Amino acid sequence: QRLAVRICQALNLHCCTEASAGAENGLPRSPSGDADSPAYGSLPNEPTGDTPQATRPITVPVPGLKKFIVALSIAYCLLMTGRVLWLTAKIFFVAGYAISGNLESYKLGADRLKTWIKTYIHDLHIESLKYEKLLDEIVAVVENIGTVVTENVMY
């Protein structure tokens with residue numbers, strides 16, 4: 001809001017600003033705490049705001065401009081969120097097309113990775129672990145997810 005006030009003042013758009021009687025958002029300005037310290041934004045020899053005549057006028061945007069600033073902020077957030085989601089979806093679509101176009105190579109890579117994991121687990125000397133069935137189930141779940149995504153999203 002301060003930026004909007006500064007812009008309106010620089011462009012001499014006095015119709016977009018109004019003077020408030022020392023209250024911003026309905027809350028009066030008050031001193032920072034103890035009576036010896038000056039209020040925030042005032043000099044030490046100025047009144048601290050304890051008396052009604054000590055309130056200074058504050059330039060604030062008109063309510064319509066405040067609502068416009070909020071609407072503009074919401075629109076900007078929605079646009080940025082949409083852009084991030086679009087880029088993420090685009091990456092998934094391109095990756096899905098690349099995978100579905102070269103499916104045999106990915107299956108060979110999955111088998112090679114499965115062999116590496118089996119070798120690593122075997123080298124740990126854990127005889128009681130039934131890892132072959134677990135790895136087969138994990139590969140089957142990943143293949144099912146890939147099939148569902150490819151069939152439902154890509155085509």
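Cut-offs and rules
Residues numbered from 1 in each chain as written. Predicted model: local features only at pLDDT ≥ 70, side-chain atom pairs only at ≥ 80, totals over all residues. Heavy atoms only, no water. Helix = DSSP H or I, 4+ residues; strand = E, 2+ residues; numbered from the N terminus. Buried < 20%, exposed > 50% of the residue type's maximum accessible area, 1.4 Å probe, protein only. Contact = heavy atoms within 4.5 Å. Areas by Shrake-Rupley, 256 points an atom, 1.4 Å probe, with all protein chains shown as cover. Arc of directions from axis to C-beta. Patch = residues over 30% accessible without salt bridge, like charges linked within 9 Å, V, L, I, M, F, W, Y side chains within 5 Å. Salt bridge = Lys/Arg side-chain N within 4 Å of Asp/Glu carboxyl O. Disulfide = S-S within 2.5 Å. pLDDT = per-residue confidence, 0-100.

## Considering the overall build of the protein
Within the protein one finds 4 helices and 4 strands. Reading the protein from its N end, one meets helices and strands in the order α-β-β-β-β-α-α-α. Taken across its 155 residues, the protein has 12% of its residues classed as buried. Considering only contacts within the protein whose residues lie at least 6 apart along the sequence, 62% involve residues at least 24 apart. As displayed, the protein has an accessible area near 12700 Å², and 65% of this comes from carbon and sulfur atoms.

## A look at unusual backbone geometry
In this model, Asn12 sits at a positive phi of 55 degrees, which is unusual for a non-glycine residue. Turning to its location among the elements, Asn12 is positioned in the loop between α1 (2–10) and β1 (17–20).

## Let's talk about the environment of Glu143
Take Glu143: it is sitting in helix α4 (residues 131–154). For Glu143, a relative accessible area of 43% gives the class partly exposed. Separated by 33 residues in the primary sequence, Glu143 and Ala110 have C-alpha atoms spaced 9.7 Å apart.

## Considering α1
Buried within α1 we find Ala4, Val5 and Cys8. All buried residues of α1 fall inside an arc of 100 degrees around its axis, so they share one side. With respect to the buried face of α1, the exposed residues turned more than 90 degrees away are Arg2, Leu3, Arg6 and Ala10. Buried-residue contacts for α1 involve β1, β4 (58–61) and α2 (63–101).

## A short note on the side chain of Thr17
Residue placement: Thr17 occurs in strand β1. Given a relative accessible area of 15%, Thr17 falls into the buried group. For Thr17, the residues in contact, after removing those within four places along its chain, are Val5, Cys8, Thr59, Val60, Pro61 and Val62.

## Things to note about a nonpolar patch on the surface
The grouping of Leu3, Ile7, Leu11 and Leu13 at the surface amounts to a nonpolar patch, some 380 Å² of accessible area in total. Looking at the element boundaries, Ile7 is found in helix α1.

## Some remarks on the state of the cysteines
In the structure shown here, the tally under the stated rule is 0 disulfides. Cys16 supplies the cysteine sulfur nearest to Cys8, a cysteine that is in no disulfide, at a spacing of 4.4 Å.

## Quick look at the confidence of the model for the protein
On average, residues of the protein score 75 in pLDDT, and 72% of them reach the 70 mark or higher. Here strand β2 (residues 23–24) stands out as the element of the protein with the lowest mean pLDDT, 47, in contrast to α2, whose mean of 89 is the highest. Across residues 23–33, where pLDDT falls below 50, the model places 17 contacts with residues more than four positions away in sequence or in other chains.

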